[in-house]
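Architecture and fold: a report
This is what each chain is made of:
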Amino acid sequence: VQRALSDGPLTGKRVVVTSGPTHEPIDPVRYIANRSSGAQGTAIAQALRDLGAEVVFVTGPADVTRPTGVEVIEVQSAVQMRAAVMAALPADAGVFAAAVADWRVENAGGSKIKKVAGQMPTFRFAENPDILAEVSKLPEGRPRLVVGFAAETDDVVAHATAKRLRKGCDWIVANDVSPATGIMGGTENAVVLISDSGAEAWPRMGKREVAGQLARRIAAALDESAG
Ligand code: CTP
Ligand code: CA
């Protein structure tokens, strides 16, 4: 059931959501990407909007149906995603679910690189802007609630707790993407919500249910911190 924007717990609140992978060009026909499906970010944007939020959904190239009732901004690269996020601020909350490429090709070509027998191209990488860290550390206009994600393997809670402190965000939604969990690319998720009060493990559930729970938690947190 889709509720009108005017009657939910997030009515009057603006939320920026990033989602999907980014594509980092090598030349006009080639790029570097990652395996993010965009499913979790899309579900979160939809859940926030269904609670009444005004949502700006900044998405990389993902093969999932876009959420409805939200402002959709399509981008390719991390640099473009950063610009779109900054332009979408100020907001009450930011939810950074995108799998942003850590590096871009610094010497990307404007023309197609031609194959020459026996000669391999060499790529130099540059570090991409860290959108989550930048927004978390904004001296002015920082959203009241900044939520990051962390797809980890091995000691998920330890990695994600360190990541929360390093980036300066309020919450990290962490999950275990070891191949054995089958989560990457699947329809379910098992997350741990990390905040300044510790780590809270949620039972494994559908990505839509994770999104719904998270949206309700975001509504409660914005309510509490309302001035
Ligand atoms: N993120 C971002 N911009 C980047 C990289 C990451 O906004 N350039 C955000 C992601 O959207 C996510 C969080 O930061 O919410 C964590 O991303 P992750 O890739 O796990 O963090 P990294 O610091 O890049 O660490 P890692 O070495 O584990 O990739
Ligand atoms: Ca990364």
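For the structure, check the block above.
A brief report on the enclosed structure follows. Nothing here was measured: the structure is a model prediction, and the numbers come from that model. (Residues numbered from 1 in each chain as written. Chains lettered and ligands numbered in written order. Predicted model: local features only at pLDDT ≥ 70, side-chain atom pairs only at ≥ 80, totals over all residues.)

**Notes on the site of ligand 1**
The cut-off we apply is this: Whether a residue is near a molecule or strand depends on its C-beta atom, generated from backbone atoms, being within 6 Å of that molecule or strand. Segments assigned H or I by DSSP are reported as helices when at least four residues long, segments assigned E as strands when at least two residues long, and all are numbered from the N terminus. Residue classes follow a fixed rule: Ala, Val, Leu, Ile, Met, Phe, Trp, Tyr, Cys and Pro count as nonpolar, while Asp, Glu, Lys and Arg count as charged, and any other residue, Gly among them, counts as polar.
Around ligand 1, the surrounding shell holds 16 residues, and the nearest of these are Phe96, Val100, Ile131, Leu132 and Gly148. In terms of residue count, strand β9 (residues 145-152) provides more of the shell around ligand 1 than any other element does, four residues in total. Tallied by class, residues from the shell around ligand 1 come to ten nonpolar, three polar and three charged.

**Overview of the sheet that holds strand β4 (residues 54-59)**
So the rule is basically this: Think of it this way: DSSP has to see at least two bridges between two strands before they count as a pair. Only C-alpha atoms enter the line fits that serve as axes; for helices the fit covers just the stretch in contact. Angles between N-to-C directions range over 0 to 180 degrees.
With mixed pairing, eight strands are arranged side by side in an open sheet as β5-β4-β1-β6-β9-β10-β12-β13. Looking along the sheet, the strands with just one partner apiece sit at the ends: β5 (71-74) and β13 (198-201). The sheet shows a mean angle of 15° between the axes of neighbouring strands, taken without regard to direction. Bridging between strand β1 (residues 14-19) and β4 involves six bridges; their strand directions are parallel. Looking at β4, one finds that threonine 18 is bridged to valine 58.

**Some thoughts on the nonpolar core**
Here is the rule we go by: What makes a nonpolar core is a set of buried Ala, Val, Leu, Ile, Met, Phe, Trp, Tyr and Cys residues, with links drawn between C-beta atoms within 7 Å. Backbone-placed C-beta atoms define the burial measure: a residue is buried with 20 or more other C-beta atoms within 10 Å of its own, exposed with 12 or fewer, and partly exposed in between. Whether two residues are in contact depends on their C-beta atoms, placed from the backbone: they are in contact if these lie within 7 Å.
Core analysis: the largest hydrophobic core is formed by 57 residues, its most contacted members being Val17, Ile44 and Leu48. Tallying contributions element by element places helix α5 (residues 207-224) first for this core, with seven residues. When near neighbours in sequence (up to four residues on either side) are disregarded, leucine 48 contacts Leu10, Val15, Val17, Ala53, Val55, Ala215 and Ile218.

**Things to note about helix α2 (residues 78-88)**
Spelled out, the test is: Note that the arc is defined by the directions from the helix axis to the C-beta atoms.
By the burial criterion, the buried members of α2 are Ala78, Met81, Arg82, Val85 and Ala88. Down the axis of α2, the sector holding all buried residues measures 130°, keeping them to one side. Buried residues along α2 sit against β1, β2 (24-27), β4, β7 (103-105) and α3 (131-136).

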